[in-house]
Amino acid sequence: MPEVLQAGGWGLLAGSALLVGAFLGVLVRVPQRLIASIMAFGAGVLLSAVSFELISEAHESAGLVPTATGAAAGALAYTGANLLLARRGARHRKRSGEQQPSEQEQPGSGSAIAVGALLDGVPESVVIGAGLVTGGTVSAVTVAAVFLSNLPEGLSSAAGMIRAGRSRRWILALWAGIALVSGVAALAGYALLGGAPPVVLATITALAAGAILAMTADTMIPEAFEGAHLLVGLVTVAGFLTAFALSRSGA
């Protein structure tokens, strides 16, 4: 199979966890404390992947300045887009409680949530495709980390959407679409960066890492903290160590 299609397949696999999580959130009434604990685990996984895979790899390839510049740019771009979406009702798109507005409370919030979900997923998928450009173990670890973090994201967000009165069909269609876009984004990441110089590839990787880190702090950690309370630190460290073990096992 051509490598560009492999990249798309890996992105689709990682994105499919969103749909699996959404199915659970829609069909099963999962206790909010359990959702928050799973979210804390996913946040720890992403924090580890960003630190030991994406930022570390970018630094080794291009040095401190391109890495720091890319990460800062990614965080700024994500935060700016997220601020715009928050004003339209997408601020609590990953919350499992009653924080999400209904369409009656804020018209257009459903579309904003859909765009926000896309904003959250694209950087992760791009780095999967970019990781396959250089080969090695980075891509496999990143896929595993994104998959493990996407499951609680889909679960928590779908639970919140149900409480906001959105239909099960709309919710599942949304996450199925995001899963497909994840595959396309990974394919595009590989296709567009396949011939890029190492410094450009490292900067793009760092940019995506900055966006992922900002997303984790802004949308995942608040849900984890509010529901899991004093257990959030322990569960987050467990996720962090899980991803760290994967990165050191040659996965």
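Just so it is clear, the structure is predicted and the values come from calculations on it, not from any experiment. (Residues numbered from 1 in each chain as written. Predicted model: local features only at pLDDT ≥ 70, side-chain atom pairs only at ≥ 80, totals over all residues. Heavy atoms only, no water.)

S.K.: Give a detailed account of the overall build of the protein chain, specifying residues and quantitative values.
M.R.: Helix and strand counts for the protein chain stand at eight helices and zero strands. Secondary structure elements in the protein chain, listed N-terminal to C-terminal, are α-α-α-α-α-α-α-α. Taking 2.2 N^0.38 as the reference for a compact globule, 251 residues should give roughly 18 Å; the C-alpha atoms of the protein chain span a radius of gyration of 17 Å, in line with that estimate. Across its three principal directions, the C-alpha atoms of the protein chain cover 50 × 35 × 35 Å. In the protein chain, the proportion of contacts linking residues at least 24 apart, taken out of those at least 6 apart, comes to 85%. Approximately 10,800 Å² of the protein chain is accessible, and the part contributed by carbon and sulfur atoms is 71%. Within the protein chain, the 13 negative side-chain charges are centred at a point lying 10 Å from the centre of the 13 positive side-chain charges. (Helix = DSSP H or I, 4+ residues; strand = E, 2+ residues; numbered from the N terminus. Rg over C-alpha atoms; globule rule 2.2 N^0.38 Å. Contact = heavy atoms within 4.5 Å. Areas by Shrake-Rupley, 256 points an atom, 1.4 Å probe, with all protein chains shown as cover. Lys, Arg positive; Asp, Glu negative; His and termini not counted. Charge placed at Lys NZ, Arg CZ, Asp CG, Glu CD.)

S.K.: Can you explain the UniProt feature "transmembrane region" (unreviewed entry) in the protein chain? Please cite residues and give values.
M.R.: Per the UniProt record, "transmembrane region" (unreviewed entry) is found at residues 6–27, 34–52, 64–85, 170–193, 199–216 and 228–246. Here residues 170–193 is 100% helix and 0% strand, with 34 Å between the C-alpha atoms at its ends. In residues 199–216, helix accounts for 100% and strand for 0%; the two terminal C-alpha atoms are 25 Å from one another. (UniProt positions renumbered as here; feature names shortened; annotations may be inferred.)

S.K.: How would you explain the packing of helix 1 (residues 3–27) against helix 6 (residues 168–193) if you had to name every residue and give the values?
M.R.: Interaxial distance between helix 1 and helix 6 falls to 7 Å at its minimum, and their mutual angle equals 160 degrees. It follows that helix 1 is roughly antiparallel to helix 6 by the angle criterion. Crossing geometry of helix 1 relative to helix 6 is assigned as right-handed. Looking at the contact of helix 1 with helix 6 residue by residue, the classes come out as 20 nonpolar, six polar and two charged. (Axes fitted to C-alpha atoms, helices over the stretch in contact; angles between N-to-C directions. Parallel < 35°, antiparallel > 145°, perpendicular 65-115°, else oblique. Left-handed = near helix turned anticlockwise from the far one by under 90°. Nonpolar A, V, L, I, M, F, W, Y, C, P; charged D, E, K, R; others polar.)

S.K.: I'd love a proper account of the pattern of salt bridges, names of residues and values included.
M.R.: In this structure the tally under the stated criterion is three salt bridges. The salt bridge involving Arg 91 is made with Asp 218; its shortest N-O contact spans 3.3 Å. Of this pair, Arg 91 sits in the loop between helix 3 (64–90) and helix 4 (109–134) while Asp 218 sits in helix 7 (residues 198–228); the two residues are 127 residues apart in sequence, bridging distant segments of the chain. When its relative accessible area of 24% is taken as the criterion, Asp 218 is described as partly exposed. Where Arg 93 meets Asp 120, a salt bridge forms, and the shortest distance between an N and an O atom there is 2.8 Å. Taken together, the positions of Arg 93 in the loop between helix 3 and helix 4 and Asp 120 in helix 4 put the pair 27 residues apart, joining distant regions of the chain. A single burial state applies to Arg 93 and to Asp 120, both of which are buried. (Salt bridge = Lys/Arg side-chain N within 4 Å of Asp/Glu carboxyl O. Buried < 20%, exposed > 50% of the residue type's maximum accessible area, 1.4 Å probe, protein only.)

S.K.: Give a detailed account of the side chain of Gln 100, specifying residues and quantitative values.
M.R.: As for its placement among the helices and strands, Gln 100 is situated in the loop between helix 3 and helix 4. In this structure the side chain of Gln 100 is engaged in a polar contact, spanning 3.5 Å, whose partner is the backbone oxygen of His 92. One polar contact links the side chain of Gln 100 to the main-chain carbonyl oxygen of Ser 157, over a distance of 3.3 Å. Apart from the residues within four sequence positions on either side, Gln 100 is in contact with His 92, Arg 93, Lys 94, Arg 95, Glu 105, Ile 113, Ser 157, Gly 160, Met 161, Ala 164 and Arg 166. (Polar contact = N/O pair within 3.5 Å; in protein donor to acceptor, adjacent residues only side chain to side chain.)

S.K.: So, the side chain of Arg 166: which residues are in play, and what are the values?
M.R.: Summarising the element assignment, Arg 166 is placed in the loop between helix 5 (138–163) and helix 6. Of note is the side chain of Arg 166, whose polar atom sits 3.5 Å from the side chain of Glu 103. Separated by 2.7 Å, the side chains of Arg 166 and Ser 109 make a polar contact. Among all residues touching Arg 166, those that are not within four sequence positions of it are Gln 100, Pro 101, Ser 102, Glu 103, Ser 109, Gly 110, Ile 113, Met 161 and Ile 171.

S.K.: Could you give me a rundown of the packing of helix 2 (residues 32–62) against helix 8 (residues 232–248), with the residues and numbers involved?
M.R.: Relative orientation of the contacting elements helix 2 and helix 8 amounts to 40 degrees, with a least axis distance of 7 Å. Taken as axis vectors, helix 2 and helix 8 run oblique relative to one another. You can see that helix 2 and helix 8 cross each other, and the crossing is right-handed. Mapping the contact onto sequence places Ser 37, Ala 40, Phe 41, Gly 44, Val 45, Leu 47, Ser 48, Ala 49, Phe 52 and Glu 53 in helix 2 and Val 232, Val 235, Thr 236, Ala 238, Gly 239, Phe 240, Thr 242, Ala 243, Phe 244, Ser 247 and Arg 248 in helix 8. In terms of residue class, the contact of helix 2 with helix 8 is built from 12 nonpolar, seven polar and two charged.

S.K.: Describe the packing of aromatic side chains, and please don't skip the residues or the numbers.
M.R.: Applying the stated criterion to the full structure yields two aromatic pairs. A ring pair is formed by Phe 52 and Phe 240, whose centres lie 5.6 Å apart and whose planes are at 70 degrees; its orientation type is edge-to-face. One end of the pair, Phe 52, is in helix 2; the other, Phe 240, is in helix 8, with 188 residues separating them in the sequence. Taken together, the aromatic side chains of Phe 52, Phe 240 and Phe 244 make up a single cluster linked through ring pairs. One cation-aromatic arrangement involves Arg 166 over Trp 170; the distance from NZ or CZ to the ring centre is 5.7 Å. (Phe/Tyr/Trp six-rings, centres within 6.5 Å; stacked < 30°, edge-to-face > 60°. Lys NZ or Arg CZ within 6 Å of the ring centre and 35° of its normal.)

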